[in-house]
Amino acid sequence: MSRTRLSEEQIANALADLPQWTRTGEALTRTAETASFPTAIKVVDAVAEQAEALDHHPDIDIRWRTLTFLLTTHSADGLTSLDITLAHLIDRALDDAA
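We now turn to the structure provided with this report.

1. A look at the sheet that holds strand β3 (residues 59-63)
One open sheet holds the four strands; their spatial order is β1-β2-β4-β3, and the pairing between them is antiparallel. Strand pairing shows two members of the sheet lacking a second neighbour, β1 (22-24) and β3, which therefore form its edges. Recorded for the sheet is a direction-independent mean angle of 25° between the axes of neighbouring strands. Here β1 pairs with strand β2 (residues 27-33) via three bridges, running antiparallel. Within the sheet, the bridge partner assigned to Thr24 lies in β2 and is Ala27. Against the sheet, helix α3 (residues 81-97) contacts β2 and β4 (66-71), and its axis sits at roughly 165° relative to β4.

Take a look at the structure:
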């Protein structure tokens, strides 16, 4: 996967497939509520494994059952294909936990 910054068109196309995500400046964010605190931690664990495999790590805020994820590629000063891939993996982890 590339750490090359995506174009505005590429970002818009990617967001069309990520309806739960919002662009905030040069980052993508998603907040999701899980059924319980242990479920939230299981999601974080699943995301941590995927992030390690990609060598691309999200910012994660844990508030009881509510998780907020922020994705950006700092070395590119913006969004890259790594952020899009990780957003899809986070969506899958949240779906699997539901």
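2. Describing unusual backbone geometry
Phi at Asp55 is positive, roughly 55°, even though this residue is not glycine. For Asp55, the location among the structural elements is in the loop between α2 (37-54) and β3. A positive phi angle, close to 55°, is found at Asp77, a residue other than glycine. As for its placement among the helices and strands, Asp77 is situated in the loop between β4 and α3.

3. Things to note about the pattern of salt bridges
Enumeration according to the criterion identifies seven salt bridges in this entry. As a salt-bridge pair, Asp91 and Arg30 come within 2.4 Å of each other at their nearest N and O atoms. Of the two residues, Asp91 is situated in helix α3 and Arg30 in strand β2; the sequence distance between them amounts to 61 residues. Among the ionic contacts, a cluster of salt bridges with common partners joins Arg5, Glu8, Arg23 and Glu26.

What counts as what
Residues numbered from 1 in each chain as written. Predicted model: local features only at pLDDT ≥ 70, side-chain atom pairs only at ≥ 80, totals over all residues. Heavy atoms only, no water. Pairing = 2+ DSSP bridges. Helix = DSSP H or I, 4+ residues; strand = E, 2+ residues; numbered from the N terminus. Axes fitted to C-alpha atoms, helices over the stretch in contact; angles between N-to-C directions. Contact = heavy atoms within 4.5 Å. Salt bridge = Lys/Arg side-chain N within 4 Å of Asp/Glu carboxyl O.

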